[in-house]
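For reference, the chains in residue letters:
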Amino acid sequence: MPIRLLPEALIDQIAAGEVIERPASVIKELVENSLDAGARRIEVDIEQGGIGLIRVRDDGCGLAAEDLVLALTRHATSKIASLEDLEAVNTLGFRGEALPSIASVSRLKLVSRTAQAAHASELTAEGASRSEVRPAAQPQGTTVEVRDLFFNVPARRKFVRTEATESSHVARLVERLALSRPDVSFRLRNGARVVLDARAVEGETQGEARIRAVLGDDFMEQALPFEHSAGPVWVGGWLGLPTAARATQDGQFWFINGRSVRDKQLMSAARLGYRDVLFHGRHPAYVLHLQLPPELVDVNAHPSKLEVRFRDQRQIHDFIFRAVTWALGDTRPGAAPPMPVGLVAPAGARTPAPAPVAAPEPGGAPAHAPVRETARGPVHAPAREAAREPGRDPWQLAAVLESMPVPGEPALAAAPAVRSPQAAPVYAPEADSRPLGTPLAQIRNTYILAQTADGVVLVDMHAGHERVLYEQLKAQYADGLPSQQLLEPVVVELPAHQLEALLENQAEWERAGFEMDALGPTRLALRRIPALLSNTTIADIVRSVAAGEGEAEHHIEDASDRFLATLACRTSVHARRRLTLAEMDALLRQMERTDRANQCNHGRPTWVALSWKELDHLFLRGR
Ligand code: ADP
Ligand code: MG
């Protein structure tokens, strides 16, 4: 075939192929144009999942009659004029390709009116053809109507999914845009049904109000506000509690300098931050903002802003991952609300964090919240340092563990005296302001019932203990776990294949404080064990770790962490026994000091609360 220039209409269709994938991509381009035009109110209507009709109407600056034709011409834009402009671009669009692309694959009508115009003007386009510009009736602003999307590109049309799927893509998209600009009113209708209606909000708490309007109060009730900064880079927002994780990633929202992005690296950094606290196969929900000087990031690398480029990829990734890990470390009693269960209202203190969101500039063009220059530590830093301070915690978990016989053994008889000065509970539960309160009883060898100043709490002692132990093992692992030499080696009988698998993994065991050697194909001698574990139960613990029970349950990626988590899990299961009040008290206090103690290693909640009000309500008191 000879070389020839492609017809204009075909060029537009090729361009459309890159950015217009489905109805939601059309809406994205049109709404971004409305935001660039300084709109304060944006209404989106769709029919048949957006394939039949998409209508976006705004009250922005509008287009002059003589600009309508240009707006539908490729590479025609009012947003940049030079290379300098391009480098400093802060509008959402600038390529001048969206409208001509959309027009090339649909039947499009553009109606617009500026503040100065005596009346509105309209233009229709279908494939390559354009109508005359005609007068029309409409108040200031712009309406773009897109009908029969992909009517002339059957290949594209085949990739469009069901109406329900396309509608849900549209809804997710409008949610993202609405979250990025609380100062603008958004309404989305699917046929006659209003899917989203969020009024413009101003002021300090606009971000929170907008999240409530878009994602509902449920999200907020189960989210942890947080912020963290390092030099000019700031990350913050709301992290959904691990116990409120979902089956899909639909609840994950990222914004860079106020713009919605769906960037794989950001999502993976956040996921890594949750790795220790998430139930396998679940996805956290969050609304997160990253603010950084524009020269450190290129949000325009990809035409549909699916991914962004950071000048220092690795640093940003680690910064986010650490910040999220830190914040989630504070999900311990008293620092974060417990899992709300049915009637149970979340209790405990919350740290307010303002939502960094884009604010409008007087000129109408959106500006983005300035980057905060202050280098500050994480919000909860002091509390965490105190919790970690060595020597502050006279109670050693070893005391509990040492005294823990295997299930079925006579319980209390074997328990030596608890070595903690604070072991005797303060018996004034009514005045107990500690988050987990005063223990009253143990129920079914599983739960601890405790009373606080606000009501009662139930603690899953095994889940709580597992977390406490895991965090202790992790903290000590870095410097080598202290271990104890056994006076006489403990001999463990194992099936040959398990022993072999264990020996393959021997380095891991040794790093965790074990010293062991094989006495035969099915016999293992333990000569040294981690100081945190008890020699009376160690054989069982080793057997069940070797058997690999529950391996797949963890969502923990790092091999050594996974090993420690399994160790903690097996150890706490083996701790199943009756506790004295003093031991219960010790465990509650330990949980209050332990990072991430609101959920076990599997992401299950470790405690729930029932307030006096809720109890009274249950018994219809005070009515
Ligand atoms: P870009 O947004 O990259 O400039 P588009 O093809 O999306 O390119 O739009 C072309 C031009 O049409 C814009 O530069 C703008 O001047 C004008 N325009 C598009 N939509 C609107 C709108 N809703 N209100 C005002 N002007 C608009
Ligand atoms: Mg545009």
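Look a little higher up for the structure.
Attention here is on the structure that accompanies the text. These figures come from a predicted structure and were not determined experimentally.

Quick notes on the rules
Residues numbered from 1 in each chain as written. Chains lettered and ligands numbered in written order. Predicted model: local features only at pLDDT ≥ 70, side-chain atom pairs only at ≥ 80, totals over all residues. Heavy atoms only, no water. Helix = DSSP H or I, 4+ residues; strand = E, 2+ residues; numbered from the N terminus. Contact = heavy atoms within 4.5 Å. Core = buried A, V, L, I, M, F, W, Y, C linked by side-chain atoms within 4.5 Å. Buried < 20%, exposed > 50% of the residue type's maximum accessible area, 1.4 Å probe, protein only. Domains from an automatic or database assignment. Pairing = 2+ DSSP bridges. Axes fitted to C-alpha atoms, helices over the stretch in contact; angles between N-to-C directions. Parallel < 35°, antiparallel > 145°, perpendicular 65-115°, else oblique. Left-handed = near helix turned anticlockwise from the far one by under 90°. Nonpolar A, V, L, I, M, F, W, Y, C, P; charged D, E, K, R; others polar. Salt bridge = Lys/Arg side-chain N within 4 Å of Asp/Glu carboxyl O. Near = heavy atom within 4 Å. Polar contact = N/O pair within 3.5 Å; in protein donor to acceptor, adjacent residues only side chain to side chain.

1. Section: the side chain of S260
No. 1: Assignment of secondary structure puts S260 in strand β13 (residues 259-261).
No. 2: Beyond its immediate sequence surroundings of up to four residues, S260 is in contact with R176, S180, W254 and F255.

2. Notes on the nonpolar core
No. 1: Core analysis: the largest hydrophobic core is formed by 55 residues, its most contacted members being I27, L30, V31, I42, V146 and F186.
No. 2: A domain split of this core shows at least three residues from each of domain 1 (8-198) and domain 2 (206-342 + 367-403).

3. Some thoughts on the pairing of strand β23 (residues 515-520)
No. 1: Across five bridges, the pairing between β23 and strand β24 (residues 523-530) is antiparallel. For A518, the partnering residue across the bridge sits in β24 and is L524.
No. 2: Once β23 ends, the chain turns through two residues before running back antiparallel as β24.

4. Some remarks on the packing of helix α14 (residues 461-477) against helix α19 (residues 581-593)
Between two packed helices, both the angle of their axes relative to each other and the distance between the axes serve to describe the pair.
No. 1: Between α14 and α19, whose axes approach to 10 Å, the crossing angle comes to 55°. With respect to α19, the axis of α14 lies oblique. As for the relative orientation of α14 and α19, their crossing is left-handed in sense. Seen from α14, the contacting residues are M461, G464, H465, V468 and Q472; seen from α19, they are L587, Q590 and M591.
No. 2: In the contact of α14 with α19, the residues fall into four nonpolar, four polar and no charged.

5. Some remarks on helix α10 (residues 264-273)
No. 1: Listed in full, the buried residues belonging to α10 are L266, M267, A269, A270, L272 and G273.
No. 2: Among the structural elements, β12 (252-256), β13, β14 (286-291), β16 (309-310) and α11 (313-329) are those in contact with the buried residues of α10.

6. Focus on the environment of Y447
No. 1: Summarising the element assignment, Y447 is placed in strand β20 (residues 447-451).
No. 2: The class of Y447 is partly exposed, set by a relative accessible area of 33%.
No. 3: With residues up to four places along the chain from it excluded, the contact list for Y447 reads A441, Q442, L458, V459 and D460.

7. Brief notes about the sheet that holds strand β19 (residues 438-443)
No. 1: Taking strand neighbours across the sheet as the criterion, the four strands line up as β19-β20-β21-β25 in an open arrangement whose pairing is antiparallel. The outermost strands of the open sheet, each flanked by one partner alone, are β19 and β25 (607-611). Recorded for the sheet is a direction-independent mean angle of 20° between the axes of neighbouring strands.
No. 2: Along the sheet, α14 makes contact with β19, β20 and β21 (455-460), crossing β21 at roughly 65°.

8. Observations concerning the pattern of salt bridges
A side chain of one charge can pair with a side chain of the opposite charge if their charged atoms are brought near each other.
No. 1: In this structure the tally under the stated criterion is 37 salt bridges.
No. 2: Among the ionic pairs, R275 bridges to D561, the shortest N-O distance being 3.9 Å. In this pair, R275 sits in the loop between α10 and β14 while D561 sits in helix α18 (residues 559-574), placing the two residues 286 residues apart along the sequence. Grouping residues by exposure puts R275 and D561 together as buried.
No. 3: When the shortest N-O distance is used, the salt bridge between D585 and R434 registers 3.9 Å. A residue pair is termed long-range when its members are at least 10 positions apart, and D585 in helix α19 and R434 in the loop between α13 (397-402) and β19 qualify at 151 residues.
No. 4: Residue classification places D585 among the buried residues on the basis of a relative accessible area of 1%.

9. Topic: the sheet that holds β24
Backbone hydrogen bonds hold the strands of a sheet together, and the pairing may be parallel or antiparallel.
No. 1: Overall, antiparallel pairing links the three strands, which are arranged β22-β24-β23 in an open sheet. In the strand order of this sheet, the two ends are held by β22 (483-493) and β23, each with one partner. Each neighbouring strand pair of the sheet contributes to a mean axis angle of 15°, computed without reference to strand direction.
No. 2: The sheet contact formed by β22 and β24 spans seven bridges and is antiparallel. Within β24, the residue paired with V490 across the bridge is L526.
No. 3: Contacts between helix α17 (residues 538-546) and the sheet are confined to β22 and β24, with β22 contributing the most and set at about 60° to the helix.

10. Topic: the site of ligand 1
No. 1: With respect to spatial proximity, 20 residues lie near ligand 1, and among them N33, T77, S78, K79 and G96 are the closest.
No. 2: Between ligand 1 and the protein, one listed contact pairs an oxygen atom with a side-chain N or O atom of K79 at 2.7 Å.
No. 3: Taking L99, its main chain carries an N or O atom lying 2.9 Å from an oxygen atom of ligand 1.
No. 4: Within the residue set of the shell around ligand 1, elements represented by two or more residues are α2 (23-36) and α5 (98-104).

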